[in-house]
Amino acid sequence: MQPSHAAPEAYAPAGDNAVLTAIGDISVGGSWVQIPTGRFPIKGSVWTVQDFSRNEEKISTVGIVLAVLFIWLCFLSLLFLLMKERRVTGHVQVTVQGQGFHHSTMIPAVSAQTFFQVSQQVNYVRGLAA
């Protein structure tokens, strides 16, 4: 005897249409890669990742204001100028190419770990493509 209702789709076994990971606007399933121009087989695809991020460092605005305010009290206030602001800018570029397709996507670099995280995703996908 079969139940009168089917299991909700969220609990149904994942088929080949399940997205395993997404890198920017590239989605990857078990046997396919989805880019904006269509879906292609993942077997034999070549993945590259390049780091175009950079670390910027500048004197903190707060440090400049404090140095100017306290310059007349003591010359040690110039130490406020040693306060630095650090931030990561740029992007990480991921490129996939295969039989009949080529696509690149840019992922904004929001921290120093962005390149490492994207590289780990690409390595996972390379394993699927082999």
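Reference entry: report on the structure contained in this document. (Residues numbered from 1 in each chain as written. Predicted model: local features only at pLDDT ≥ 70, side-chain atom pairs only at ≥ 80, totals over all residues. Heavy atoms only, no water.)

All right, on to the nonpolar core then. Side chains that are nonpolar tend, in soluble globular proteins, to be buried together. The biggest cluster of nonpolar side chains holds 18 residues, and the ones touching the most others in it are I23, V28, W47, V94 and V118. Looking at this core, the elements that each hand over two or more residues are β2 (26-28), β3 (32-35), β5 (46-59), β6 (84-98), β7 (101-108) and α2 (114-129). Per-element accounting of this core gives the leading share, five residues, to α2. Beyond its immediate sequence surroundings of up to four residues, V28 is in contact with A18, V19, L20, T21, V33, I42, W47, V125 and L128. (Core = buried A, V, L, I, M, F, W, Y, C linked by side-chain atoms within 4.5 Å. Buried < 20%, exposed > 50% of the residue type's maximum accessible area, 1.4 Å probe, protein only. Helix = DSSP H or I, 4+ residues; strand = E, 2+ residues; numbered from the N terminus. Contact = heavy atoms within 4.5 Å.)

Here the focus is the side chain of H103. In this structure, H103 sits in strand β7. On the basis of relative accessible area, H103 is assigned to the buried category, the value being 15%. For H103, the side chain forms a polar contact with the side chain of D25, separated by 3.0 Å. The residues touching H103, leaving out its near neighbours within four places in the chain, are D25, I26, I35, P36, V94, T95 and V96. (Polar contact = N/O pair within 3.5 Å; in protein donor to acceptor, adjacent residues only side chain to side chain.)

A few words now on a nonpolar patch on the surface. A surface patch of nonpolar side chains, amounting to about 540 Å² of accessible area, comprises I59, I64, V68, F75, L78 and L81. Position of V68 among the secondary structure elements: in helix α1 (residues 61-70). According to the relative accessible area criterion, V68 is exposed, its value standing at 55%. (Patch = residues over 30% accessible without salt bridge, like charges linked within 9 Å, V, L, I, M, F, W, Y side chains within 5 Å. Areas by Shrake-Rupley, 256 points an atom, 1.4 Å probe, with all protein chains shown as cover. Salt bridge = Lys/Arg side-chain N within 4 Å of Asp/Glu carboxyl O.)

Geometry only, nothing functional implied.
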